[in-house]
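Structural characterization, general
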Amino acid sequence: MAAFTVLIPGVLRPLVQDADAVEVVLPEAGGPATVARVLGSLAADHPVLGRRLRDETGALRRHVNVYLGPDEVRRLQGLETEIPDGAELMIIQSVAGG
Amino acid sequence: MSTATQYLVAIGTKKGLWLASSRDRREWSLDGPHFLMTEIPSIGIDTRDGTRILVGIRSEHWGPTVAHSDDLGATWTEPEGGGIAFAEGDGAAVERIWQLQPDREDRPGVVWAGVEPISLWRSDDGGEHFQLNRGLWEHPHRPEWGEGAGGGAVHSVIPAPDGTTLHVAMSTGGVYRSRDGGGSWQATNRGIGASFLPGELPEFGQCVHKIAADAQDPEQIYAQNHGGVYRTRDGGESWQAIEHGLPANFGFVMMSHPRNAGTAWVIPLAADVERIPVGGHLAVGRTRDAGESWEMLDAGLPAQDYNSILRDAAAVDTAEPVGVYFGTRGGSVYASADEGGSFQEIASHLPDVLCVRAAVIQDAGAMVAG
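What comes next concerns the included structure. Since the model is a prediction, treat every value here as computed from it, not as a measurement.

**Considerations on the overall build of chain B**
- What chain B contains, in helices and strands, is 1 helix and 30 strands.
- Against the compact-globule benchmark of 21 Å for 370 residues, chain B has a radius of gyration of 19 Å, which places it among compact chains.
- Its C-alpha atoms put chain B at 60 × 50 × 40 Å along the principal axes.
- Of all 370 residues assigned to chain B, the portion counted as buried reaches 54%.
- Within chain B, contacts between residues separated by at least 24 positions form 51% of all contacts whose residues are at least 6 apart in sequence.

**With respect to unusual backbone geometry**
Residues and elements named next belong to chain B.
- Thr172 follows Ser171 through a cis peptide bond whose omega is -10°.
- Within the element layout of this structure, Thr172 appears in the loop between strand E12 (166–171) and strand E13 (174–178).
- Glu320 connects to Pro321 through a cis peptide bond whose omega is -5°.
- Structurally, Pro321 can be placed in the loop between strand E26 (314–316) and strand E27 (324–327).
- Even without being a glycine, Phe35 presents a positive backbone phi close to 55°.
- Of note, Phe35 is situated in the loop between strand E3 (29–34) and strand E4 (39–46).
- Residue Phe35 is classed as partly exposed on the basis of its C-beta count, with 19 C-beta atoms lying within 10 Å.
- With a phi angle near 60°, Ala290 is a residue other than glycine that sits in the positive phi range.
- With 18 C-beta atoms packed within 10 Å, Ala290 lands in the partly exposed category.

**Describing the nonpolar core**
- Counting 99 residues, the largest nonpolar core has B:Val9, B:Ile11, B:Ala223, B:Ala314, B:Tyr325 and B:Val356 as its most contacted members.
- Not counting residues within four places of it along the chain, the set of residues in contact with B:Ile11 comprises B:Leu17, B:Trp18, B:Ala20, B:Gly327, B:Val333, B:Ala347, B:Leu350, B:Val353 and B:Val356.
- If you look at the next biggest cluster of nonpolar residues, it comprises 19 residues, including A:Phe4, A:Val6, A:Val22 and A:Ile91.

**Brief notes about the sheet that holds strand E5 (residues 88–93) of chain A**
Residue and element names in this part refer to chain A.
- Pairing is mixed in the open sheet, where 5 strands are placed in the order E2-E1-E5-E3-E4. Taken across any chain shown, the strands that pair with only one partner, and hence form the sheet edges, are strand E2 (21–26) and strand E4 (71–72).
- Contacting strand E1 (2–7), E2, strand E3 (64–68) and E5, helix H1 (residues 35–45) runs over the sheet at an angle of about 110° to E2.

**Quick word on the interface of chain A and chain B**
- Chain A puts 13 residues into the contact, and the matching count from chain B is 14 residues.
- Looking at the side of chain A that touches chain B element by element, the count peaks at 4 residues for helix H2 (residues 47–53) of chain A.
- Looking at the side of chain A that touches chain B residue by residue, the class counts come to 4 nonpolar, 4 polar and 5 charged.

**Points about the pairing of strand E15 (residues 208–213) of chain B**
All names here are of chain B.
- Most of E15 sits inside the fold, with 6 of its 6 residues counted as buried.
- The pairing of E15 with strand E16 (residues 221–225) spans 5 bridges and is antiparallel. When the bridges of E16 are listed, Ala213 appears paired with Ile221.

**Some remarks on the environment of B:Pro218**
Residues and elements named next belong to chain B.
- Looking at the element boundaries, Pro218 is found in the loop between E15 and E16.
- Given 16 C-beta atoms within 10 Å, Pro218 falls into the partly exposed group.
- Measuring from C-alpha to C-alpha, the distance between Pro218 and Leu166 comes to 9.9 Å, with 52 residues separating the pair along the chain.
- With residues near it in sequence (within four places) discarded, Pro218 still touches Ala160, Pro161, Thr165 and Ala213.

**With respect to the environment of B:Asp124**
Residue and element names in this part refer to chain B.
- Counting through the fold element by element, Asp124 comes out in the loop between strand E9 (119–123) and strand E10 (130–132).
- For Asp124, a count of 15 C-beta atoms within 10 Å translates into the label partly exposed.
- Considering only alpha carbons, one finds Asp124 and Pro108, 16 residues apart in sequence, at a separation of 8.2 Å.
- With residues up to four places along the chain from it excluded, the contact list for Asp124 reads Gly109 and Val110.

Here is what the cut-offs are and how they apply
Residues numbered from 1 in each chain as written. Chains lettered and ligands numbered in written order. Predicted model: local features only at pLDDT ≥ 70, side-chain atom pairs only at ≥ 80, totals over all residues. Helix = DSSP H or I, 4+ residues; strand = E, 2+ residues; numbered from the N terminus. Rg over C-alpha atoms; globule rule 2.2 N^0.38 Å. Buried ≥ 20, exposed ≤ 12 C-beta atoms within 10 Å, placed from the backbone. Contact = placed C-beta atoms within 7 Å. Core = buried A, V, L, I, M, F, W, Y, C linked by C-beta atoms within 7 Å. Pairing = 2+ DSSP bridges. Axes fitted to C-alpha atoms, helices over the stretch in contact; angles between N-to-C directions. Nonpolar A, V, L, I, M, F, W, Y, C, P; charged D, E, K, R; others polar.

And the structure:
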């Protein structure tokens, strides 16, 4: 088992009972812990939140950024970025719109 | 509890939804914004079983979805899985919901959606869950359909009374017709211009901006094209220009009367390269003879307005006489309670108006007090 924390931006907290963070636990089976697996587990428990973050193809929405420490995951290996046990993922909306 | 007639105008903008309501179509009250900071490009007001307001919502950050309210906007519901979503094998994702069209009175529960990327969807549960129309999605023309400035989508859906004929229009692609309830589709654009393409008129690829069917003859359809106003009398087999008498043949809007044969409205814009009311003078064009002649209506409209009116930012209600409503990209919404004879401004300084829908509803006094 590996546990992770996903930090939720204020505008999405109503979708998770106003929590500012959600704990995600992944079983050892299923391969390495990746951003995709964490978001998949999060979406299974909170399907509307899942759709806000990724589209039907599984791609991260264009203006949704996910940070592992100081790095936006697109600068790492994207959704396939492996994350260490106990890590925090921070979801932040990018600067967009007018 | 007694019920009373109420007029409802739903206004979808670039930054949220407003609901205008009135008892008499003279005094209006405005409620909103709902869904602040999300665009509302599509609205359907379904009055076939109570009143359900359906909205297509799109957040620049968080994507598109469909929500509905059965209590005139007091509460909204969004299906957990999303009302409209491609399957994994389709290799596509919904970008924007452009059209939410309740089917006819005798087919309650059926709602059609026109979506970007170019696709048609059908719901049998009042717009909560939609299925992709595979006939259109797998059409051999699809790789050649294009995108207008706002994206590529099915933006008009007309289900005919016979239950098997459907017309859709897409930008770009043009008009397509099914005679088997959506199983198969045929391009029906003969006679419609395509000034942006070289050579002879193509079978498909036209940028038809909006279509609306005649109240009495489902085979008679009116089209506002990207340059050109047209009418077909044979279900799309052939189209004839009906723009004579209009100050310009460009525009996005096409509306038809809910009961009277031959009556339709357009809102002309100067040209493709000049997307403002002609000469900065906002006016609505109305025909009562299926496009043989037009009268321009501007009573109550501002002397100057340089904002365009988008394809779904205009609608009619079903009252007698019919109400005509439209909104501008400048955030004004105008209403006429006499089929366009005179207008009043019922909302001002809203964000860009993307969609307007109007309905006559029977309510128990939920929205309008006094």
